[in-house]
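# Overview (structure and organization)
If you want the building blocks of each chain, they are given just below.
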Amino acid sequence: MKPFACLVLAALLLASAAAEAQGPSERKITCDRGPFGSRTYGGTAWDIYGCNDNRSVAVVTARGNPGLPFYFLFSERNGAYRLSGEGTGKPDITRKAYEDLMRLSQQDIQALVKETQKAAPRPGQ
């Protein structure tokens, strides 16, 4: 497995582990569909991954992003999205991305979720 793929896999597994902390009555969220393109947050590239609950979306450091390894997770609860993040990337990079992500509206987040529900990404993406 390529080193970058290992880092992405580790970040996605972290997303799964963080989702487990939601509580025993809630379904475990895994975000391993994608990436469905790249976006710029905080001046750096982030890959978008879909989650198995079809309501959440993971934003993961893209190749070459100095914030690697890090991920953010938008999870939906009671009609509102919460943003969480975890990783060991450079704090100044991830903080800038966090600030941009916090500015996204509910509609912006829902558009990201819809994008991850389209056809599966091409191999090698």
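Look a little higher up for the structure.
Keep in mind that this is a model prediction, so the values were computed, not measured.

Across all of its chains, the model carries 3 aromatic pairs by this definition. Ring centres 5.3 Å apart and planes at 55° place the aromatic pair Trp46 and Phe72 in the tilted group. Here Trp46, found in strand β2 (residues 44-50), pairs with Phe72, found in strand β4 (residues 70-77); they are 26 residues apart in sequence, far enough to count as distant. Looking at Phe72, the relative accessible area reads 2%, which means it is buried. Relative to Phe72, the ring of Phe70 has its centre 4.9 Å away and its plane inclined at 55°; by these criteria the two rings are tilted. Per residue, the accessibility class of Phe70 equals that of Phe72, and both read buried. The rings of Trp46, Phe70, Phe72 and Tyr98 are connected pair by pair, giving a single aromatic cluster.

As paired elements, strand β1 (residues 38-41) and β2 share 4 bridges and run antiparallel to each other. When the sheet's bridge partners are listed, Ser38 is paired in β2 with Asp47. Where β1 hands over to β2, the hairpin turn is made up of 2 residues, of which Gly42 adopts a positive phi near 65°.

What follows is about the sheet that holds strand β3 (residues 57-61). Strand order in the open sheet formed by 5 strands is β1-β2-β3-β4-β5, with antiparallel pairing between adjacent strands. Both outer strands of the open sheet, β1 and β5 (80-87), are each paired with one neighbouring strand and no more. When strand polarity is set aside, the average angle formed by the axes of neighbouring strands in this sheet is 30°. Docked against the sheet, helix α3 (residues 106-116) engages β1, β2, β3, β4 and β5, running at close to 70° with respect to β5.

So, on to the state of the cysteines. Summed over all chains, the structure comprises 1 disulfide. With a sulfur-sulfur separation of 2.1 Å, Cys31 is cross-linked through a disulfide to Cys51. Residues Cys31 and Cys51 are joined by a disulfide whose S-S torsion is about 100°; by sign, that bridge is right-handed. Here Cys51 lies in the loop between β2 and β3 and Cys31 lies in the loop between α1 (3-20) and β1, a separation of 20 residues in the sequence. Per residue, the accessibility class of Cys31 equals that of Cys51, and both read buried.

Rules and cut-offs
Residues numbered from 1 in each chain as written. Predicted model: local features only at pLDDT ≥ 70, side-chain atom pairs only at ≥ 80, totals over all residues. Heavy atoms only, no water. Phe/Tyr/Trp six-rings, centres within 6.5 Å; stacked < 30°, edge-to-face > 60°. Helix = DSSP H or I, 4+ residues; strand = E, 2+ residues; numbered from the N terminus. Buried < 20%, exposed > 50% of the residue type's maximum accessible area, 1.4 Å probe, protein only. Pairing = 2+ DSSP bridges. Axes fitted to C-alpha atoms, helices over the stretch in contact; angles between N-to-C directions. Contact = heavy atoms within 4.5 Å. Disulfide = S-S within 2.5 Å.

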